[in-house]
Amino acid sequence: MSQAPPPDLQDKHLVLGLSGGIACYKSAELVRLLVQFGATVQVVMTEAACQFITPVTMQALSGRPVLVSQWDERAPNNMAHINASREADAVLVAPASADFIAKLAQGRADELLSLLCLARPSERCPLLVAPAMNREMWAHPATQRNVAQLRADGALVLGPGSGDQACGEVGDGRMLEAAELCDELVASFQPKHLAGRSVLVTAGPTFEAIDPVRCITNHSSGKMGFAVARAAAEAGARVTLVAGPVHLPTPRGVRRIDVTSARQMHDAVLPLAPGHDIFVATAAVADWRPLQAGEHKLKKDGSGRPPTFELTENPDILATVARLPAEQRPWCVGFAAESENLVRHARDKLQRKGVPLIVGNLGPATFGRDDNALVLVDAAGERELPAASKLALARALVAEIAARYRPRPNP
Ligand code: C5P
């Protein structure tokens, strides 16, 4: 049993800035989550933000007095903007109102939060901005111009989301939810090993229909594959996830295609494969399917004899992708879920599937769990990634893949 992993924002010190907007109510939940993720948080609020939520609330949740004024005499040097920005690993402004974004775009500094954003050492303290406003304000060319300017200046713009707005209208401009902002922040701290790359991942089990209500399947939960998809997206890749039937949320920024059977997974993957640089096959694809699925539910006939049905082999998706012509073939990674002799089976699979890397894990020990242990087997040898959370292992695996990856030849 592995120890609980360190929280994702352990040892991080954040400045959370609030400007004026009804989405300030979400920032209370956000600060709680950031603290739960292990961060220390210094909240800074504009005067307008104090109209929507009190500094008392934010102080109680962050465990630190909130900064609201650049003239705050509590700082011995009277330079709250310098002190707070020098300590911070990142500044997150959530909510960022249209007015506050305009200020940032112009480099104005007439109150503490904008002053602090301008004064931060930008090369080591990134600025993340979560816009929150009415849809017309968001769509206005002035706002779009300002947001483009922020991006050009190096800020990371998170969202906005779309949906019902406090004003009763529906559209773009909602601040992302607290959990989504936390995920974005965690991702922003991950090394960008796969920036500019694209990754195709299969995950989960497949269901092979026996009749309309029964199927052949397996215990795969999809958690490892979803963690690989998330880790690849965090590392800067464009990620497509082809998922068998699982009940897992889609990692942020990942395009997901749901399938049920091995043949559907095959038919989804094959046209996508040439458009991706890397293919990671984590799915536990059923090896066989009933040759003929019953049109109606098979019934007991009273004879005491169970029905029989013939099985046929499913297409091997990984082996098919690995046999694509070199100029269409992504760099392929296979998984081997075994119950014994992990390295021998994994090495055997490396040859049989013709792929540069096989990742072995003990299937029965990991199915459905949040932790795992991996062994990487390639032509050069073996490397163990010891027991850890699936997400931590997926991040380590992505780094290993990035180190081994070789681009395919140009057509
Ligand atoms: O042959 P075996 O099922 O043991 O190989 C496992 C690896 O091959 C995994 O990466 C799995 O996703 C992939 N696979 C596949 N299509 C199949 C069977 C396995 O892509 N039909």
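Residues numbered from 1 in each chain as written. Predicted model: local features only at pLDDT ≥ 70, side-chain atom pairs only at ≥ 80, totals over all residues. Heavy atoms only, no water.

Caption draft 1: Representation of the sheet that holds strand β19 (residues 381-389) in the model. Read from one edge of the open sheet, eight strands run β12-β11-β8-β13-β16-β17-β18-β19, paired in mixed fashion. One side of each edge strand has no neighbouring strand; the edge strands of this open sheet are β12 (255-258) and β19. Here the average twist between neighbouring strands, direction ignored, is 20°. On the sheet, helix α10 (residues 262-272) packs against β8 (198-203), β11 (238-243), β12 and β13 (278-281) and is oriented at approximately 160° with respect to β11. Contacts between helix α14 (residues 390-404) and the sheet are confined to β13, β16 (331-338), β17 (357-362), β18 (371-378) and β19, with β19 contributing the most and set at about 155° to the helix. (Pairing = 2+ DSSP bridges. Helix = DSSP H or I, 4+ residues; strand = E, 2+ residues; numbered from the N terminus. Axes fitted to C-alpha atoms, helices over the stretch in contact; angles between N-to-C directions. Contact = heavy atoms within 4.5 Å.)

Caption draft 2: Fine view of the domain arrangement of the protein. On domain assignment, one finds that the protein holds domain 1 (13-189) and domain 2 (198-404). Its C-alpha centre places domain 1 at a distance of 40 Å from the equivalent point of domain 2. In this complex, domain 1 contributes six residues to the contact, which on the side of domain 2 involves four residues. Looking at the side of domain 1 facing domain 2, the largest losses of area belong to Asp-183, Val-186 and Ala-187, adding up to 65% of the total buried there. Taken together, the links from domain 1 to domain 2 amount to three salt bridges. Here Glu-184 and Arg-252 are joined by a salt bridge, their closest N and O atoms 2.7 Å apart. At the boundary of domain 1 with domain 2, the tally comes to two residue pairs in polar contact (both at pLDDT 80 or more). (Domains from an automatic or database assignment. Buried area = accessible area lost by both parts, 1.4 Å probe. Salt bridge = Lys/Arg side-chain N within 4 Å of Asp/Glu carboxyl O. Polar contact = N/O pair within 3.5 Å; in protein donor to acceptor, adjacent residues only side chain to side chain.)

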